[in-house]
Amino acid sequence: MPNTELLSGIIVEEVHSLTLDEFCQATHVTREIIIEMVDYQLIHPQGKKPEEWRFDSMSLKRGRLAASFYHELEINMPGVALALELMDKIQYLELKISETKKN
């Protein structure tokens, strides 16, 4: 008999945004960790306070990556912030190199 596993997930479209609780579920982290991510400016929700926050697909991607660094690599939040900043810079520089090669 084949091994079957039931998977569940959340599909986020550009026009749909997630509440804080939905975002916590999608990233598998607690509200406190999400609030810490916002405090360190790793993710940028729309809204002024946690009850009003809405997260887009870019925040979800970044939040999942940050959660992975935090839990799997056991990096503290300042370290996660530094890692994401360096990844952003690498991506920017790779894009610039790619544009230069085209010209």
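Note that this is a predicted model, so its numbers are computed, not measured. (Residues numbered from 1 in each chain as written. Predicted model: local features only at pLDDT ≥ 70, side-chain atom pairs only at ≥ 80, totals over all residues. Heavy atoms only, no water.)

Engineer: When you look at the overall build of the chain in this model, what are you seeing that I'm missing?
Structural biologist: Within the chain, the secondary structure is distributed over 4 helices and 0 strands. Scanning the chain from its N terminus toward the C terminus, one meets helices and strands in the order α-α-α-α. When each of the 103 residues of the chain is scored for burial, the buried share is 28%. A separation threshold of at least 6 residues defines the contact pool for the chain, and within that pool the share at least 24 residues apart is 48%. (Helix = DSSP H or I, 4+ residues; strand = E, 2+ residues; numbered from the N terminus. Buried < 20%, exposed > 50% of the residue type's maximum accessible area, 1.4 Å probe, protein only. Contact = heavy atoms within 4.5 Å.)

Engineer: Would you mind going over the packing of aromatic side chains with me for this structure?
Structural biologist: Aromatic rings in a pair are described by how distant their centres are and how their planes are angled relative to each other. Counted by the stated rule, this structure contains 2 aromatic pairs. The interplanar angle of 20° and the centroid separation of 4.0 Å between the aromatic rings of Phe-23 and Phe-55 together place this pair among those described as stacked. Taken as a pair, Phe-23 in helix 1 (residues 20-27) and Phe-55 in the loop between helix 2 (31-39) and helix 3 (57-72) lie far apart in primary sequence, 32 residues in all. Neither Phe-23 nor Phe-55 differs from the other in exposure class; each is buried. (Phe/Tyr/Trp six-rings, centres within 6.5 Å; stacked < 30°, edge-to-face > 60°.)

Engineer: In this structure, what is going on with the layout of surface pockets? I would like to understand it.
Structural biologist: If a probe the size of a water molecule is rolled over the atoms, the empty space left behind becomes visible. A volume near 240 Å³ is recorded for the largest pocket. In terms of lining, the largest pocket is formed by Met-58, Lys-61, Arg-62, Leu-65, Leu-84, Met-87, Asp-88 and Gln-91. Listed by contribution, the elements that provide at least two residues to the lining of the largest pocket are helix 3 and helix 4 (77-102). (1 Å grid on protein atoms, 1.4 Å probe; cavity = no way out; pocket = protein on both sides within 12 Å on 5 of 7 lines; lining within 4 Å. Points joined across faces, edges and corners; volume = space filled by probe spheres on them.)

Engineer: I'm lost on the nonpolar core in this one. Help?
Structural biologist: General note: in soluble globular proteins, nonpolar side chains tend to be found buried as a group. Of all hydrophobic cores here, the largest spans 23 residues; its most connected members are Phe-23, Ile-34, Met-37, Leu-42, Ile-43, Phe-55 and Val-80. Those elements that place two or more of their residues in this core are helix 1, helix 2, helix 3 and helix 4. Counting residues per element, this core draws most heavily on helix 4, at 5 residues. Those residues in contact with Val-80, other than ones at most four positions away along the chain, are Leu-42, Ala-66, Phe-69, Tyr-70 and Ile-75. (Core = buried A, V, L, I, M, F, W, Y, C linked by side-chain atoms within 4.5 Å.)

Engineer: Please explain the pattern of salt bridges as it appears in this structure.
Structural biologist: If the charged atoms of two oppositely charged side chains come close together, the side chains can form a pair. For the structure shown, the criterion picks out 4 salt bridges. A salt bridge links Asp-21 to Arg-31, with the shortest nitrogen-to-oxygen separation between them at 2.7 Å. You can see Asp-21 sitting in helix 1 and its partner Arg-31 sitting in helix 2, a full 10 residues away along the chain. Taking the relative accessible area as the measure of exposure, Arg-31 reaches 33% and is therefore partly exposed. (Salt bridge = Lys/Arg side-chain N within 4 Å of Asp/Glu carboxyl O.)

Engineer: Mind showing me how you'd approach the environment of Val-80 here?
Structural biologist: Looking at where Val-80 falls in the secondary structure, it is placed in helix 4. For Val-80 and Ser-68, which are 12 residues apart along the polypeptide, the C-alpha to C-alpha distance reads 9.4 Å.

Engineer: Sorry if this is basic, but what is going on with unusual backbone geometry here?
Structural biologist: Leaving glycine aside, a negative phi is the common case for residues, and trans is the common case for peptide bonds. For His-28, which is not glycine, the phi torsion reads 65° and is therefore positive. Residue His-28 is classed as exposed on the basis of its relative accessible area, which comes to 69%.

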